[in-house]
Amino acid sequence: MTESIDQLPAIVKSVIASYYSKDYTPLFERCADDCTFIGAGSDLFATRDDLVRALSAPEDVPLLLMRDADFRLVGPTAPDEREALVMGTYRLYTAPNEQLFFATRQRISVFCRLEDGVWKTHHVHSSNEWSEPVGEEEFPYQVSRETYEYVRSILRTGRKAGLLPARIALEGSARTTYLDPAQVVCIQADGKRSIAHTTDGSVELAGLLRDIEPQLPGTFVRVHRSYVVNAAHITGVRHFAVELSNGMDVPVPERRFDDVSREISLRLENA
């Protein structure tokens, strides 16, 4: 069955996400023999064989999580729709428990051809975004604003690489609530407030979910615009929901299901 051109952005997104999580098989399967690969750093490979040899060797590279990804077809395609260019933007974060803190925004362009009904990559080029002025400061490539904000969010909760705080302080409707994050199953948006579902019941919080999320340890995953769940309390994943230890089923949007499943797996592996 021939893959349609409409499928291509989703295919490329899945391959690139797998690459950053160090699952290189989808990339190897999609690369044409003459594929050139230019990474955001010093990586430069002229053929598929070069790429396979380099990525198959032992390496000390952290696992990276890809978030806020947007991949789309750009420009005119070939008249017979057998050639196409896909461009994407996304954020990268180191997975929990990695000894290196890293966060950045990147762009990528992938030129593909349809060969025997399957889309194959012939050219891949990724790059970091430009320097960003923040107030009177400039954040260059070596210290991106993303890394700066990522480290700040970690410091705000008082945790260090992979260590959970004994308590986190969350503002309640009438008082500040101190919760053990290990006992928080998930936090749900509820209008202008939020509800923390714990192993002992539910607690109403005054803050918006988007303001509470940065205070949470790395075991928490945003699976839906209205839910952040603790990966340690996930008992099952199915299309398109996650099952939690307190009996709740939390929906996962179909378009984000693969990304959410991959991120949950990485967080559980590194817990």
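Reading the values: the criteria
- Residues numbered from 1 in each chain as written.
- Predicted model: local features only at pLDDT ≥ 70, side-chain atom pairs only at ≥ 80, totals over all residues.
- Heavy atoms only, no water.
- Helix = DSSP H or I, 4+ residues; strand = E, 2+ residues; numbered from the N terminus.
- Buried < 20%, exposed > 50% of the residue type's maximum accessible area, 1.4 Å probe, protein only.
- Contact = heavy atoms within 4.5 Å.
- Pairing = 2+ DSSP bridges.
- Axes fitted to C-alpha atoms, helices over the stretch in contact; angles between N-to-C directions.
- Phe/Tyr/Trp six-rings, centres within 6.5 Å; stacked < 30°, edge-to-face > 60°.

1. Remarks on the overall build of the chain
So, point 1. Across its full length, the chain carries 6 helices and 18 strands.
So, point 2. Counting the 271 residues in the chain, one finds 44% classified as buried.
So, point 3. Taking the intrachain contacts of the chain between residues at least 6 apart in sequence as the baseline, contacts between residues at least 24 apart amount to 52%.

2. Some remarks on the pairing of strand 16 (residues 234-238)
So, point 1. Pairing of strand 16 with strand 17 (residues 241-244), which is carried by 4 bridges, proceeds in the antiparallel orientation. From the neighbouring strand, Gly236 faces strand 17, where its bridge partner is Glu243.
So, point 2. In sequence, strand 16 turns back onto strand 17 through a hairpin of 2 residues.

3. With respect to the sheet that holds strand 13 (residues 201-205)
So, point 1. Within the open sheet, the 5 strands sit side by side as 13-12-11-15-14. Their pairing is antiparallel. Every interior strand has two partners, whereas the edge strands, strand 13 and strand 14 (220-224), have only one. For this sheet, the mean angle separating the axes of adjacent strands, direction not counted, is 20 degrees.
So, point 2. Both strand 11 (residues 184-190) and strand 12 (residues 193-198) contribute to a ladder of 6 bridges, which runs antiparallel. Across the sheet, the residue bridging to Asp190 is Arg193, located in strand 12.

4. Quick look at the packing of aromatic side chains
So, point 1. Summed over the entire model, instances satisfying the criterion amount to 8 aromatic pairs.
So, point 2. Geometrically, the ring pair formed by Phe37 and Phe45 is tilted, given 6.1 Å between the ring centres and 45 degrees between the ring planes.
So, point 3. Residue classification places Phe45 among the buried positions, given a relative accessible area of 13%.
So, point 4. On the numbers, 5.2 Å between centres and 90 degrees between planes, the contact of Phe240 with Phe257 is edge-to-face. With Phe240 in the loop between strand 16 and strand 17 and Phe257 in helix 6 (residues 257-269), this pair connects stretches of sequence that are 17 residues apart.
So, point 5. Linked through ring pairs, Tyr19, Tyr20, Tyr24, Phe28, Phe37, Phe45, Phe71 and Tyr90 together constitute an aromatic cluster.

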